Amino acid sequence: MIIDIFVDGSTRTNPGPGGYGIYVPPINRVYCEPESYDTTHVSIPEFRLFDGFPYVTNNQMELRGLIQGMIFFQKFKRTDDMAKYINGCRIYSDSAYVVNGFNSWLDNWIANDWSTAAKKKVKNELYWRHISLLKKQYLEAGHFIQVEWVKGHSGIFGNEQADLLAKRGTEHGELQCSPIECSQ
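Residues numbered from 1 in each chain as written. Predicted model: local features only at pLDDT ≥ 70, side-chain atom pairs only at ≥ 80, totals over all residues. Heavy atoms only, no water.

Glancing now at the overall build of the protein. Along the protein, the regular secondary structure elements total five helices and seven strands. Across the protein, helices and strands are ordered from the amino to the carboxyl terminus as β-β-β-β-β-α-β-α-α-β-α-α. By the compact-globule yardstick of 16 Å for 184 residues, the protein fits well, its C-alpha radius of gyration being 18 Å. Summarising its shape, the C-alpha atoms of the protein cover approximately 65 × 40 × 30 Å along the three principal directions. For the protein, buried positions account for 46% of its 184 residues. Look at the contacts in the protein between residues 6 or more apart in sequence, and 72% of them connect residues 24 or more apart. (Helix = DSSP H or I, 4+ residues; strand = E, 2+ residues; numbered from the N terminus. Rg over C-alpha atoms; globule rule 2.2 N^0.38 Å. Buried < 20%, exposed > 50% of the residue type's maximum accessible area, 1.4 Å probe, protein only. Contact = heavy atoms within 4.5 Å.)

Laid out in structure tokens, this is it:
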């Protein structure tokens, strides 16, 4: 079984106070054991997470959302009794930068020693290195991971929830610094 995770990032100004949000819809399914045909009811409540930072870019918050979504799945696999029925996750983001980076660019950046095809340093390299490490851990553990693009502000419930949580994170980020600190 695959769980869905919706992630988003936001900043008030770019750069400026920002936040990320993660929304995991509830799971309520019946799982059948393949060998015995015994059934188990898998019920997992929805999960919401947000955090904020005083001076970041929008792309950094989009990436942090992806990182925290990936970490959520790993922690869930270690701590929840129902996790044995979950073998991967599908992460949805409305950021083409995040989706393209994860699916198309990351392997080439690594092969080119963290340089782009235009021979420039990869922006947000530390975030991408963290994502690369998490992706490797997923693969080594045999977990499925897929990152898909969804159109933002289009009525997709999970994406709308992640967006609201990211905006709450942005408010939290504003509280972490004075206006003078945030504008520098």
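Picking up where we left off.
Moving on, we come to the sheet that holds strand S5 (residues 47-56). As summarised here, the arrangement of the five strands in space is S5-S2-S1-S6-S7, forming an open sheet in which the pairing is mixed. The sheet terminates laterally at S5 and strand S7 (144-149), the two strands that pair on one side only. Across this sheet, the average inter-strand angle for adjacent strands is 20°, counted without regard to direction. Alignment of strand S2 (residues 16-24) against S5, held across eight bridges, turns out to be antiparallel. Each residue of the ladder has a partner; that of Gly-19, found in S5, is Gly-52. The strands that helix H2 (residues 96-111) touches are strand S6 (88-93) and S7; relative to S7, the one it contacts most, it runs at about 140°. Sheet strands in contact with helix H4 (residues 157-175) are strand S1 (2-11), S2 and S5, and its direction is about 145° off that of S2. (Pairing = 2+ DSSP bridges. Axes fitted to C-alpha atoms, helices over the stretch in contact; angles between N-to-C directions.)

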